[in-house]
Amino acid sequence: MPMQRPIACSRMYDVTPQARAAWADLFRWLADATGIALEDLAYPAPRPLGELWSRDDLGCVFMCGWPFSKARPQPLPIAAPVPRAERYAGRPVYFTDLVVRRDRGFKRLEETFGQRIGWTDKGSQSGFNALRNHLMPYRESAGKPLYSESIGPLVTPLRALDSVIEGTADIAPLDSYALDLITAHTPERVRDIEVLVSTASSPNPLLVASPQLGAERARILGEALQGVSGADDMRPVLDRLCLSGFATVTPERYDVLDQRAEKSARVPPF
């Protein structure tokens, strides 16, 4: 029997109260547009994301692309967000932005070596895997740790950001789309922060469903999200989410993340 009340959850991008409210509006619209009842589940940090993703009642839940690529059975892909900023070029991708305090005066990544680096979770693409992959050539060349101290797991982008603001870490990774949302809604929080360097792009975290939802209902949800940019009443919601819309994605698109992880695991991180 198909699940009766699949859950929706935006935990990965609930980085401000305004963003959380906008996701709730989107999920309500999606349920109305498709006739598929969705329970908007609050799942605040530090509750473990792995436990969320292992549930069998996922209906429209954000999942990091790297765990998605490794999950067996693999969840059903619904759609991936397309951030609005020019740097994304209309693609469902994001970057890991390595942020520092502006008053530290760092101009090049190499100037942060020997300092303290923060990271979010060893299962995270943006907060660990992309960071490790970007630093791998420097680590191989140095033949020794690049940083004097590794600060983590910080769990969330907000805690990674705060670690730099408060001086616990000198540099830390942030999902660039999460940073877009934080900057749009709480610009005062990032006024002393700057992006020192960005990694290569990665496929965006995606909305997924449990196999129990069924491929047909997953398809209906995905098609509705792909059409949301044409709904006049949803333009203000997309504005609040800093999105131009959603794109269809396939599981194969995320295989590159595990390939990068295997490559960078050859040397110790940081």
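Placed above this text is the structure.
As a starting point, this report considers the structure included with it. (Residues numbered from 1 in each chain as written. Predicted model: local features only at pLDDT ≥ 70, side-chain atom pairs only at ≥ 80, totals over all residues. Heavy atoms only, no water.)

1. Re the overall build of the protein
Going by this rule: Starting at the N terminus, helices and strands are each numbered in turn, a helix being any DSSP run of H or I of at least four residues and a strand any DSSP run of E of at least two. In this description the radius of gyration comes from C-alpha coordinates, and the expected globular size is given by 2.2 Å times residues to the power 0.38. The contact rule is simple, with two residues in contact once any of their heavy atoms fall within 4.5 Å. Positive residues here are Lys and Arg, negative ones are Asp and Glu, while His and the chain termini are left out of the count. Here the site of a charge means NZ on Lys, CZ on Arg, CG on Asp, or CD on Glu.
Of regular secondary structure, the protein possesses nine helices and 13 strands. Whereas a compact globule of 270 residues would reach a radius of gyration of roughly 18 Å, the protein reaches 18 Å, a difference of no more than 12%. Dimensions of the protein along its principal axes, counting C-alpha atoms only, are 55 × 40 × 30 Å. In the protein, the share of contacts with a sequence separation of at least 24, taken over all contacts with a separation of at least 6, comes to 80%. Across the protein, the centroid of the 32 positively charged side chains sits 4 Å from that of the 33 negatively charged ones.

2. A word on the nonpolar core
Keep this limit in mind: Only buried Ala, Val, Leu, Ile, Met, Phe, Trp, Tyr and Cys residues count toward a nonpolar core, and they belong to the same one when joined by side-chain atoms within 4.5 Å. Categorising residues by exposure relies on relative accessible area from a 1.4 Å probe, with only protein chains included: less than 20% of the type maximum marks a residue as buried, more than 50% marks it as exposed, and the intermediate range marks it as partly exposed.
One finds Trp23, Leu26, Tyr177, Leu225 and Phe246 to be the most contacted residues of the largest nonpolar core, which totals 75 residues. With near-sequence residues (within four places) excluded, Phe246 lies in contact with Trp23, Leu26, Ala79, Ala80, Pro81, Val82, Leu207, Leu225, Gln226, Val228 and Leu238.

3. Focus: the sheet that holds strand 10 (residues 193–198)
Operational definition: Following DSSP output, two strands are said to pair if at least two bridges run between them. As a rule, the C-alpha atoms of each element are fitted with a line to give its axis, helices using only the stretch in contact, and angles between N-to-C directions run from 0 to 180 degrees.
If you trace the three strands from one edge of the open sheet to the other, you get 9-6-10, paired in antiparallel fashion. Pairing within the sheet leaves two strands with one partner each, and these edge strands are strand 9 (172–175) and strand 10. Looking at each pair of strands side by side, their axes are set apart by 45° on average, direction ignored. Where helix 4 (residues 125–142) meets the sheet, its contacts fall on strand 6 (96–101), strand 9 and strand 10, and the angle it forms with strand 6 comes to roughly 90°. Together, strand 6, strand 9 and strand 10 form the strand contacts of helix 5 (residues 157–166), whose direction differs from that of strand 9 by roughly 140°.

4. Notes on the packing of helix 1 (residues 17–34) against helix 7 (residues 215–226)
Put simply, the rule is: Angle categories are assigned with fixed cut-offs, so that under 35 degrees is roughly parallel, over 145 is roughly antiparallel, 65 to 115 is roughly perpendicular, and the rest are oblique. Crossing chirality is assigned from the near helix's rotation relative to the far helix, an anticlockwise turn below a right angle marking it left-handed and a clockwise turn marking it right-handed.
Close contact between helix 1 and helix 7 brings their axes to 10 Å; oriented N to C, the two are set at 120°. What the angle tells us is that helix 1 and helix 7 run oblique. The chirality of how helix 1 crosses helix 7 is right-handed. Counted together, Leu26, Trp29, Leu30 and Thr34 of helix 1 and Ile220, Leu221, Ala224 and Leu225 of helix 7 form the full contact between these two elements.

5. Some remarks on the layout of surface pockets
Going by this rule: The distinction between a cavity and a pocket rests on a 1 Å grid over the protein atoms alone: a 1.4 Å probe fits inside a cavity but cannot get out, while a pocket stays open yet meets protein on both sides within 12 Å along at least five of seven lines, and a residue with an atom within 4 Å of a point counts as lining. Grid points are joined across faces, edges and corners, and a volume is the space filled by probe spheres set on the points. In the scheme used here, Gly and all other residues not listed as nonpolar or charged are polar, with Ala, Val, Leu, Ile, Met, Phe, Trp, Tyr, Cys and Pro taken as nonpolar and Asp, Glu, Lys and Arg as charged.
The calculated volume of the largest pocket comes to roughly 740 Å³. When contributions to the lining of the largest pocket are tallied by element, the ones reaching two or more residues are helix 2 (49–53), strand 3 (58–63), helix 4, helix 5 and strand 9. Along the lines of polarity and charge, the residues of the lining of the largest pocket split into 24 nonpolar, 10 polar and eight charged.

6. Describing the sheet that holds strand 12 (residues 206–209)
With mixed pairing, six strands are arranged side by side in an open sheet as 2-1-3-12-4-13. Each end of this open sheet is capped by a strand with a single partner; those strands are strand 2 (39–40) and strand 13 (243–247). Two elements, strand 1 (residues 7–9) and strand 3, share three bridges in a ladder whose sense is parallel. Of the residues in strand 3, the one forming a bridge with Ala8 is Cys60.

7. Quick notes on the side chain of Thr199
Looking at where Thr199 falls in the secondary structure, it is placed in the loop between strand 10 and strand 11 (202–203). Excluding anything up to four places from it in sequence, Thr199 contacts Phe95, Thr96, Ala130 and His134.

8. With respect to the packing of aromatic side chains
Given two aromatic rings, their pairing is described by the distance between the two centres and the angle made by the two planes. Put simply, the test is: Two aromatic rings, drawn from Phe, Tyr or Trp (for Trp, its six-membered ring), form a pair once their centres lie within 6.5 Å of each other, and the interplanar angle then sorts them: stacked below 30 degrees, edge-to-face above 60, tilted otherwise.
Under the criterion given, the structure shown has nine aromatic pairs. Each ring, one from Trp119 and one from Phe128, has its centre 5.6 Å from the other, and the planes form 65°; the classification is edge-to-face. By relative accessible area, Trp119 is classed as buried at 8%. One aromatic cluster is present, built from ring pairs that chain together Tyr13, Trp23, Phe62 and Tyr177.

9. Points about the pattern of salt bridges
Defined as follows: Any Lys or Arg side-chain nitrogen located within 4 Å of an Asp or Glu carboxyl oxygen qualifies as a salt bridge.
All told, the structure shown has 17 salt bridges when counted by the stated rule. Residue Arg219 is joined to Glu216 by a salt bridge in which the shortest nitrogen-to-oxygen separation is 2.4 Å. Residue Arg219 and its partner Glu216 are both found in helix 7; the two are separated by three residues, about one turn of the helix. The class of Arg219 is partly exposed, set by a relative accessible area of 37%. Residue Glu216 is classed as partly exposed on the basis of its relative accessible area of 45%. With a closest N to O distance of 2.9 Å, Glu223 and Arg219 form a salt bridge. Taken together, the residues Glu223 and Arg219, both in helix 7 and four residues apart, mark about one turn of the helix.

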